[in-house]
Amino acid sequence: MTDNGMVIVGAGEAGARAAVELRAQGYDGTITLIGDERHFPYERPPLSKQQLCEAEPPTPAVILAQEKLDALRIRLLSGDAASRIDRSRHIVQLASGREVPYSKLLLATGANPRRLTVQGDASEELHYLRKFDDAIAIRDKMKPGARVAVIGGGFIGLETAASAITRGCDVTLIEVGPRILMRGVPQQIAEMVEASHRKAGVSFAIGVMIERIDRDGEGFVVKLVDGSVIGCDLIIAGIGAVPETTLAEDSGLAIENGIQVDSHLMTSDPDIYAAGDCCSFPNPMYSNRRIRLEAWRNAQDQGTQAAINMLGITPVPYAALPWFWSDQYDQTLQVAGLADGASSTIERDLDEAGKLFFHLAEDGRLLSVSGMGPTGAFSKEMRLAEMLAEKQARIDAALLADPAVKLKALLRELD
Amino acid sequence: MTNPQWIEACEVDDVEEEDVIRFDHGDRTFAIYRTDKGEFYASDGYCTHEKFHLSNGLVMGSVIECPKHNGRFDIKTGAAKRTPVCVDLRTYPVKIENDKVFIQI
């Protein structure tokens with residue numbers, strides 16, 4: 001059979017890593033990476049962090065510049081979106097009319113910010129953060145003294161709030177839920193995060209719905225259902241993301257909270273794989289429960305794994321512990337594993353290095369670990385804790401709680 | 001460039017097995033490793049991905065993992081082993097004399 005090459009739709013983290021891995025695995029055919037943005041593949045994590053708040057105008061944190069694309073013989077088609085997959089002819093059609101044939105196709109289409117539906121005349125003026133160009137548009141308006149309203153107390157909202165404070169803005173964060181970081185972050189850490197934001201000067205409106213948002217001169221006014229009113233010059237909504245599945249849906253692939261893939265990241269079409277934020281997959285670490293992750297490491301690891309499986313070398317199931325991290329001022333927070341289903345939490349106080357929380361199932365198995373502290377010393381402990389969670393072992397709670405007991409020693413005992 | 005010189009970095013006992021410490025010399029910074037087999041190695045101090053010091057990282061066997069984003073390098077060769085790092089780490093020759101660790105820079 002002739003090889004028509006490997007095609008990757010989506011030039012973000014998962015897509016770029018997959019392209020690199022295909023070559024690293026010794027694949028010698030054509031590799032085409034299709035991205036709708038007019039940038040080289042770049043890293044998204046800095047968009048809400050350094051790139052919003054550093055004094056110097058940012059440039060994308062490029063993963064694959066031209067030199068590397070050339071060296072790896074990866075053809076990048078940027079600024080051109082894939083518009084249709086012709087599965088019977090094995091062809092991807094682009095918005096420009098161009099047609100790209102494939103032998104195996106990887107969909108790494110990511111996710112899009114969820115749009116806020118709200119009363120008033122300002123909904124078109126809200127900013128969302130996903131792409132480099134979004135970050136530039138927000139940054140331009142984040143001038144010292146500007147009044148910034150952030151809607152949503154998730155990672156994006158909180159990191160954006162921290163950046164705005166760093167830029168000297170006056171920041172209010174609005175969260176409709178009962179607390180910030182409701183999704184996937186334990187209460188103990190949410191409290192630590194909220195305290196650090198309050199200390200830095202962020203005002204919070206928590207547990208209250210937005211009634212309407214209207215223009216007000218050059219700025220806006222956000223009215224909450226409790227009658228309070230927030231005047232602002234810039235509004236950023238970070239209320240979650242929706243997997244980008246249009247292409248997959250239109251071509252009849254199975255969809256289930258994202259593009260449905262099996263444990264090998266294969267879609268319902270054996271010649272099409274999916275990786276990263278756009279796909280849902282069974283996670284063997286948690287009884288093959290189907291999950292979808294919006295996480296950087298997951299995008300990297302799935303991109304890499306999908307490449308290996310596309311080549312059919314030694315297909316391996318994807319079985320990684322979900323891992324999230326966020327930077328808030330000089331602190332980093334991390335969550336490894338899924339804590340829902342945990343019946344108890346053990347705290348380990350690392351003193352100046354922060355705190356770790358071990359989340360245990362009813363039968364005493366370690367389901368997940370979370371924590372927060374200054375990046376250096378904390379990260380080392382957190383990484384060891386994560387390795388313990390990967391083993392899902394039953395460990396004496398007293399040992400987990402005692403900072404004098406080294407985690408590395410506990411880990412060795414399990415080997 | 002001046003010729004490479006042997007610089008005393010630390011005592012053997014300053015580094016635990018399967019661990020790493022930071023060593024600063026002039027305006028340069030290094031990471032000194034001791035593997036699980038007790039061998040010593042040295043590299044530039046900062047991760048090649050973002051400027052973050054590897055001395056806070058975790059040594060596993062003969063691999064160092066950056067504390068910031070979990071990029072990995074082979075301690076012996078400096079080879080990049082795991083995303084997000086893709087640029088190898090510069091390594092330096094090491095010798096042990098009288099329980100002191102010297103690196104050639």
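Residues numbered from 1 in each chain as written. Chains lettered and ligands numbered in written order. Predicted model: local features only at pLDDT ≥ 70, side-chain atom pairs only at ≥ 80, totals over all residues. Heavy atoms only, no water.

Going by the annotation in an unreviewed UniProt entry, the name recorded for chain B is Rieske 2Fe-2S domain-containing protein, with Paenibacillus terricola given as the source organism. Under the UniProt heading Sequence similarities (unreviewed entry), the note attached to chain B is "Belongs to the bacterial ring-hydroxylating dioxygenase ferredoxin component family." (UniProt positions renumbered as here; feature names shortened; annotations may be inferred.)

Per an unreviewed UniProt entry, chain A goes by FAD-dependent oxidoreductase and derives from Paenibacillus terricola. In the Cofactor (unreviewed entry) part of its UniProt record, chain A is described as follows: "FAD".

Caption draft 1: The arrangement of the overall build of chain B in detail. Within chain B, the regular secondary structure consists of 0 helices and 11 strands. What you see in chain B, going N to C, is helices and strands ordered as β-β-β-β-β-β-β-β-β-β-β. Its C-alpha atoms give chain B a radius of gyration of 13 Å, near enough to 13 Å, the size a compact globule of 105 residues would have. Its C-alpha atoms put chain B at 40 × 35 × 20 Å along the principal axes. Each of the 105 residues in chain B was classed as buried or not, and the buried ones make up 50%. When the 13 positive and 19 negative side-chain charges of chain B are each reduced to one mean point, those points stand 6 Å apart. (Helix = DSSP H or I, 4+ residues; strand = E, 2+ residues; numbered from the N terminus. Rg over C-alpha atoms; globule rule 2.2 N^0.38 Å. Buried < 20%, exposed > 50% of the residue type's maximum accessible area, 1.4 Å probe, protein only. Lys, Arg positive; Asp, Glu negative; His and termini not counted. Charge placed at Lys NZ, Arg CZ, Asp CG, Glu CD.)

Caption draft 2: View of the sheet that holds strand E2 (residues 19-25) of chain B. Spatial ordering of the open sheet is given by E2-E3-E4-E9 (chain B), a layout of 4 strands whose pairing is antiparallel. Taken across any chain shown, the strands that pair with only one partner, and hence form the sheet edges, are E2 and strand E9 (91-92) of chain B. (Pairing = 2+ DSSP bridges.)

Caption draft 3: The packing of helix H1 (residues 13-24) of chain A against helix H8 (residues 296-310) of chain A, seen in detail. All names here are of chain A. The interhelical angle for the contact between H1 and H8, taken along N-to-C directions, is 35°, at an axis separation of 7 Å. Read as a crossing pair, H1 and H8 show a hand that is right-handed. Contact residues: Glu-13, Ala-14, Arg-17, Ala-18, Glu-21 and Leu-22 in H1; Trp-296, Ala-299, Gln-300, Gly-303, Thr-304, Ala-307 and Ile-308 in H8. Here the residues of the contact of H1 with H8 sort into 7 nonpolar, 3 polar and 3 charged. (Axes fitted to C-alpha atoms, helices over the stretch in contact; angles between N-to-C directions. Left-handed = near helix turned anticlockwise from the far one by under 90°. Contact = heavy atoms within 4.5 Å. Nonpolar A, V, L, I, M, F, W, Y, C, P; charged D, E, K, R; others polar.)

Caption draft 4: Main features of the environment of Asn-283 of chain A. Residues and elements named next belong to chain A. Relative to the helices and strands, Asn-283 resides in strand E19 (residues 279-283). Overall, the relative accessible area of 0% leaves Asn-283 in the buried class. When the C-alpha positions of Asn-283 and Ala-237 are compared, they lie 30 Å apart, and in sequence the two are 46 residues distant. Non-local contacts of Asn-283, meaning those with residues more than four positions away in its chain, are made with Asn-288, Arg-289, Ile-291, Ala-320 and Pro-322.

Caption draft 5: Spatial organisation of the UniProt feature "domain: FAD/NAD(P)-binding" (unreviewed entry) in chain A. The positions that UniProt labels "domain: FAD/NAD(P)-binding" (unreviewed entry) are, in the present scheme, residues 6-303 of chain A. End C-alpha atoms of residues 6-303 of chain A are separated by 13 Å, and the span's content is 24% helix alongside 29% strand.

Caption draft 6: Main features of the pattern of salt bridges. Under the counting rule described, the total for this entry stands at 37 salt bridges over all chains. The residue Glu-13 of chain A makes a salt bridge to Arg-17 of chain A at a minimum N-O spacing of 2.8 Å. You can see Glu-13 of chain A and its partner Arg-17 of chain A sitting in helix H1, 4 residues apart, about one turn around the helix. Both residues of the pair, Glu-13 of chain A and Arg-17 of chain A, belong to the buried class. Residue Arg-292 of chain A pairs with Glu-294 of chain A through a salt bridge whose shortest N-O separation is 2.8 Å. Given the relative accessible area of 24%, Glu-294 of chain A is considered partly exposed. Each of Arg-297, Arg-383 and Glu-386 of chain A together with Glu-65 and Arg-72 of chain B takes part in salt bridges that share partners, so that together they form one network. (Salt bridge = Lys/Arg side-chain N within 4 Å of Asp/Glu carboxyl O.)

Caption draft 7: Representation of empty space enclosed by the protein within the structure. Per the stated rule, a full pass over the model turns up 2 cavities of 30 Å³ or more. Considering only enclosed or pocket space, the largest cavity measures out at about 50 Å³ in volume. Residue lining of the largest cavity: Arg-297, Trp-323, Gln-334, Ser-379, Arg-383 and Glu-386 of chain A together with Pro-67, Lys-68 and Asn-70 of chain B, and that is the complete set. When residues in the lining of the largest cavity are grouped by element, the largest group, 3 residues, is from helix H9 (residues 375-391) of chain A. Classifying every residue of the lining of the largest cavity by side-chain character gives 2 nonpolar, 3 polar and 4 charged. (1 Å grid on protein atoms, 1.4 Å probe; cavity = no way out; pocket = protein on both sides within 12 Å on 5 of 7 lines; lining within 4 Å. Points joined across faces, edges and corners; volume = space filled by probe spheres on them.)

Caption draft 8: Quick peek at the interface of chain A and chain B. Taken residue by residue, the interface counts 24 residues in chain A and 23 residues in chain B. Buried surface at the junction of chain A and chain B, both sides included, amounts to about 1,800 Å², of which 44% is carbon and sulfur. Considering only the side of chain A, the residues that lose the most area to chain B are Lys-380, Arg-383 and Lys-408 of chain A, jointly responsible for 28% of the buried surface there. The residue Arg-82 of chain B makes a salt bridge to Asp-301 of chain A at a minimum N-O spacing of 3.5 Å. At the surface where chain A touches chain B, the tally comes to 12 residue pairs in polar contact (both at pLDDT 80 or more). (Buried area = accessible area lost by both parts, 1.4 Å probe. Polar contact = N/O pair within 3.5 Å; in protein donor to acceptor, adjacent residues only side chain to side chain.)

Caption draft 9: Region of the structure containing the packing of aromatic side chains. All names here are of chain A. Inspection of the entire model under this criterion finds 6 aromatic pairs over all chains. Relative to Tyr-318, the ring of Phe-281 has its centre 5.4 Å away and its plane inclined at 80°; by these criteria the two rings are edge-to-face. In this pair, Phe-281 is assigned in strand E19 and Tyr-318 in the loop between H8 and strand E21 (323-328), connecting sequence segments 37 residues apart. Using a relative accessible area of 1% as the deciding quantity, one classes Phe-281 as buried. Clustering of aromatic rings is evident, with ring pairs tying together Trp-296, Trp-323 and Trp-325. Sitting over the face of the ring of Tyr-128, Arg-115 holds its NZ or CZ atom 4.1 Å from the ring centroid. (Phe/Tyr/Trp six-rings, centres within 6.5 Å; stacked < 30°, edge-to-face > 60°. Lys NZ or Arg CZ within 6 Å of the ring centre and 35° of its normal.)

Caption draft 10: Just helix H11 (residues 407-414) of chain A, in detail. Buried within H11 of chain A we find Leu-407, Lys-408, Leu-410 and Leu-411 of chain A. Projected down its long axis, H11 of chain A carries its buried residues within an arc of 160°, all on one side. Where H11 of chain A is buried, its residues touch strand E23 (344-349), strand E24 (355-360), H9 and helix H10 (397-401) of chain A together with strand E5 (58-60) of chain B. (Arc of directions from axis to C-beta.)

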